[in-house]
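Fold and contact review
Chain by chain, the residues run as shown.
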Amino acid sequence: MHIGHSKAICLNFGLAKQFGGKTNLRFDDTNPVTEDTEYVDSIKEDIRWLGFEWTNEFYASDYFEQIFEFACTLIKKELAYVDDSSAAEIALLKGTPTEPGKNSPFRSRSVEENLDLFTRMRNGEFKDGEKVLRAKVDMASPNMHLRDPLMYRIKHAHHHRTGDKWCIYPMYDFAHGQSDSIEKITHSICTLEFEVHRPLYEWFIEKLEIFPSKQFEFARLNLNYTVMSKRKLLQLVNDKHVDGWDDPRMPTISALRRRGYTPESIRVFADKVGVARRENIIDVGLLEFCIREDLNKNALRAMVVMDPVKLIIDNYPEGQTEILKGDDNPENENSGHRDLPFSKELWIEREDFKEIPEKKFFRLAPGLMVRLKSAYIIKCESFVKDKDGTVTEIHCTYLPESKSGSDVSGLTVKGTLHWVEALTAFPVEVRLYDRLFKVEDPSSEEGDFKEYINPDSLKIIKTAFAEPSLKNATAGDKFQFLRKGYFCVDKNSSAANIIFNRTVSLKDSWAKEVKKGN
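In this report, the structure presented in the accompanying data block is examined. Quantities reported herein were computed from a predicted structural model and do not represent experimental measurements.

1. A short note on the overall build of the protein chain
Along the protein chain, the regular secondary structure elements total 12 helices and 26 strands. The C-alpha radius of gyration computed for the protein chain amounts to 31 Å, which surpasses the reference 24 Å derived for 518 residues by more than 25%, pointing to a less compact arrangement than a globule. Across its three principal axes, the protein chain shows a C-alpha extent of roughly 100 × 45 × 40 Å. Taking contacts inside the protein chain between residues at least 6 apart in sequence as the whole, the part at least 24 apart equals 68%. When the accessible surface of the protein chain is split by element, carbon and sulfur atoms take 50% of a total near 25,400 Å². In the protein chain, 75 positive and 83 negative side-chain charges are present, and the distance between their average locations comes to 3 Å.

Here it is, written out as structure tokens:
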């Protein structure tokens, strides 16, 4: 299931809650070849993770006997018939959107013959494709779905719930409305492509004179910079462009969960998107805004240095380590603090130092002062390079009286840097995920949609340095890495190798890059 399904889930359960109703979870298992308990379990897991619980769990196969009897009723009313035509012949006689279809030569069979043949179909006397049951509606209807649609086909295949009891299976269009009616469904919510199916949905219910369930349609959710088509997502998986269905770049619910998205953020997103009758593409930036808002309030803070360079505080006592306090989450006054070891040698980000700073560079450079987060103000005195010209050490002095929380230095500095203490920091793997495609709507571009995959959608940093509080992080834990973004512990982490997936950056940097490109 993907983010588009999550909108439908939120809509169904939200409507029932708003109006004091109930939501059933029904699986369409009318095609035995495509059904698998793995998919069923995955769907249930995703719905529960989103925070919803259904009133009843049903399967279309629960009603196979009743649906069969409904078909017999239509035969008796001379509204259904057994057709011996091949699939190609049926398609040929169906006509075109501008030309009416032609009646099948088997359309005029008697009720008795149809009942006999349909019973023998059920008993397994015919091969796959040898016969079908069709509704007798209107071969001249401008709605192609009303031109004597198929109701049953023969499939000698094992069904994951009914075993080998059946060898004929109802088509979705026949099973859908009748299953709704059996369950006394008042609102059957579908996406817009089912709008043209609604006349048939209503025709079956009317002719059978059963509970009048109603179908309602809304626009499906389309998100930019990704694809939602199951066929295209399957290509991405099979061609190894991504690492499975839960690769954090995928739009699937399992992928969003692995990336660090929360159920709350997705429910808020679905609410903000709303319900529309017109197809449109939603900016993924809205989804990212929702998770930022959630994690800003709830994620613990931590410091991780991605591209480390050594910083040495020359006037800090040799061999001394002190424990400073860092806020777990400044947005939550009840969140507490964590211990931050501090000593003479630290790691900082290489990008936070420049030999020759440009104007308005408020980080570290010779002669410039910055504050180390939750620690002291330092001043850059010198730096050391290797033979290749790469800076290997930055030497600073610190102001002992400038300690965060008890600063009496009287100095104000514009820059604040994150850091980790060199001896207690430990290596972690960081995976920087970005948008899977370079263009907003890859499906509408010329050529193969896979040509537009973003080559920078994943960057892996094998050895970043993390503060020691993160040693106890477990799969699913969420953090804000100061100045870097929001991250989640990956499911494949171990005590020896903790992996952090970037959920989202602190700010929407993509919009700026797109503007630059234009």
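There's plenty left to go through after this.
2. Remarks on the side chain of Arg-147
Considering the arrangement of structural elements, one finds Arg-147 in the loop between strand E4 (132-135) and strand E5 (150-154). Here Lys-94 takes part through its backbone oxygen, which lies 2.8 Å from a polar atom of the side chain of Arg-147.

3. Description of the pattern of salt bridges
Under the counting rule described, the total for this entry stands at 45 salt bridges. Where Arg-122 meets Glu-65, a salt bridge forms, and the shortest distance between an N and an O atom there is 2.9 Å. Of the two residues, Arg-122 is situated in helix H5 (residues 111-122) and Glu-65 in helix H3 (residues 64-76); the sequence distance between them amounts to 57 residues. Residue Glu-65 is classed as partly exposed on the basis of its relative accessible area of 33%. Where Lys-344 meets Glu-318, a salt bridge forms, and the shortest distance between an N and an O atom there is 3.9 Å. Taken together, the residues Lys-344 in the loop between strand E15 (337-343) and strand E16 (345-349) and Glu-318 in the loop between strand E13 (308-313) and strand E14 (321-327) connect sequence positions 26 residues apart.

4. Details of unusual backbone geometry
Residues other than glycine seldom take positive phi values, yet Asp-148 does so here, at roughly 45°. When you line up the elements, Asp-148 lands in the loop between E4 and E5.

5. With respect to the sheet that holds strand E22 (residues 426-433)
Strand order in this open sheet of 7 strands is E11-E24-E25-E26-E22-E23-E12, and the pairing throughout is mixed. Strand pairing shows two members of the sheet lacking a second neighbour, strand E11 (300-302) and strand E12 (304-305), which therefore form its edges. Contacts from helix H11 (residues 284-298) reach E11, strand E24 (478-481), strand E25 (485-489) and strand E26 (499-504), with the element oriented near 120° to E26.

6. Details of the sheet that holds E4
With antiparallel pairing, the 4 strands of this open sheet are ordered in space as E3-E4-E5-E6. Edge positions in the sheet fall to strand E3 (80-83) and strand E6 (168-170), since each has one partner strand and no second. Strand-to-strand twist in this sheet, taken as the mean axis angle between neighbours without regard to direction, amounts to 20°. Pairing analysis gives 3 bridges linking E5 to E6, with the strands arranged antiparallel. Bridging across to E6, Ile-154 finds its partner in Ile-168. Seen against the sheet, H3 touches E3, E4, E5 and E6 and runs at an angle of roughly 120° to E5.

7. Looking at the packing of H3 against H5
The geometry of H3 relative to H5 is characterised by a closest axis approach of 9 Å and an angle of 160° between their N-to-C directions. Put simply, H3 runs roughly antiparallel to H5. As H3 runs across H5, the sense of the crossing is right-handed. In this structure, H3 uses Glu-65, Phe-68, Ala-71, Cys-72, Ile-75 and Lys-76 to contact H5, whose residues at the interface are Val-111, Asn-114, Leu-115, Phe-118 and Arg-122.

8. Describing the packing of aromatic side chains
Inspection of every chain in the model, using the stated rule, returns 23 aromatic pairs. Consider the rings of Phe-64 and Trp-166, whose centres lie 5.9 Å apart with planes at 80°: the pair is edge-to-face. Placement of the pair is Phe-64 in helix H3 and Trp-166 in the loop between E5 and E6, with a sequence separation of 102 residues. Across this residue pair, the class does not change: Phe-64 and Trp-166 are buried. By the ring-pair criterion, three or more aromatic residues cluster together here, those being Phe-64, Phe-68, Phe-118, Tyr-152, Trp-166, Tyr-169, Phe-174, Trp-203 and Phe-204. Between the NZ or CZ atom of Arg-122 and the centre of the ring of Phe-68, over which it lies, the distance is 4.6 Å. Directly above the ring of Tyr-59 sits Arg-161, whose terminal nitrogen or CZ lies 3.9 Å from the centroid.

9. Observations concerning H5
Residues spaced three or four apart along an α-helix point in a common direction, a consequence of the helix completing one turn every 3.6 residues. With 12 residues, H5 ought to run about 16 Å at 1.5 Å a step, and its terminal C-alpha atoms sit 17 Å apart, in line with that. Along H5, the residues classified as buried are Val-111, Asn-114, Leu-117, Phe-118 and Met-121. Across the axial projection of H5, the buried residues extend over an arc of 135°, all falling on one side. Of the surrounding secondary structure, the elements contacted by the buried residues of H5 are H3, E3, E4, E5 and E6. Just downstream of H5, Gly-124 is the residue with a positive phi angle, here 85°.

10. Focus on the nonpolar core
Counting residues in each nonpolar core, the largest one holds 35 residues, and the members touching the most others are Phe-118, Leu-133, Met-151, Tyr-152 and Phe-174. Counting residues per element, the ones that place at least two in this core are H3, E3, H5, E4, E5, E6, helix H6 (172-182) and helix H7 (198-208). Take this core: its biggest share by element is 8 residues, from H3. Discounting residues that sit within four places of it in the chain, Met-151 has contacts with Ala-71, Leu-74, Ala-80, Leu-133, Arg-134, Ala-135, Tyr-169, Pro-170, Met-171, Phe-174 and Phe-204.

11. Focus on the environment of Asp-128
Within the secondary structure layout, Asp-128 lies in the loop between H5 and E4. Along the primary structure Asp-128 and Leu-200 are separated by 72 residues, whereas in three dimensions their C-alpha atoms are 25 Å apart. Look past the residues within four positions of Asp-128 in its chain and what remains in contact with it is Ile-154, Lys-155 and His-156. A distance of 2.9 Å separates the side chain of Asp-128 from the backbone nitrogen of His-156, its partner in a polar contact.

12. Notes on the pairing of E4
Residues Val-132 and Arg-134 point to one face of E4 and Leu-133 and Ala-135 to the other, with burial holding for every one of them. Sheet analysis places E3 next to E4, joined by 4 bridges and oriented antiparallel. Along E4, the bridge assignment pairs Ala-80 with Ala-135. Relative to E5, E4 runs antiparallel, the two sharing 3 bridges. Counted as the bridge partner of Val-132 is Arg-153 from E5.

What counts, and at which threshold
Residues numbered from 1 in each chain as written. Predicted model: local features only at pLDDT ≥ 70, side-chain atom pairs only at ≥ 80, totals over all residues. Heavy atoms only, no water. Helix = DSSP H or I, 4+ residues; strand = E, 2+ residues; numbered from the N terminus. Rg over C-alpha atoms; globule rule 2.2 N^0.38 Å. Contact = heavy atoms within 4.5 Å. Areas by Shrake-Rupley, 256 points an atom, 1.4 Å probe, with all protein chains shown as cover. Lys, Arg positive; Asp, Glu negative; His and termini not counted. Charge placed at Lys NZ, Arg CZ, Asp CG, Glu CD. Polar contact = N/O pair within 3.5 Å; in protein donor to acceptor, adjacent residues only side chain to side chain. Salt bridge = Lys/Arg side-chain N within 4 Å of Asp/Glu carboxyl O. Buried < 20%, exposed > 50% of the residue type's maximum accessible area, 1.4 Å probe, protein only. Pairing = 2+ DSSP bridges. Axes fitted to C-alpha atoms, helices over the stretch in contact; angles between N-to-C directions. Parallel < 35°, antiparallel > 145°, perpendicular 65-115°, else oblique. Left-handed = near helix turned anticlockwise from the far one by under 90°. Phe/Tyr/Trp six-rings, centres within 6.5 Å; stacked < 30°, edge-to-face > 60°. Lys NZ or Arg CZ within 6 Å of the ring centre and 35° of its normal. Expected span 1.5 Å × (residues − 1). Arc of directions from axis to C-beta. Core = buried A, V, L, I, M, F, W, Y, C linked by side-chain atoms within 4.5 Å.

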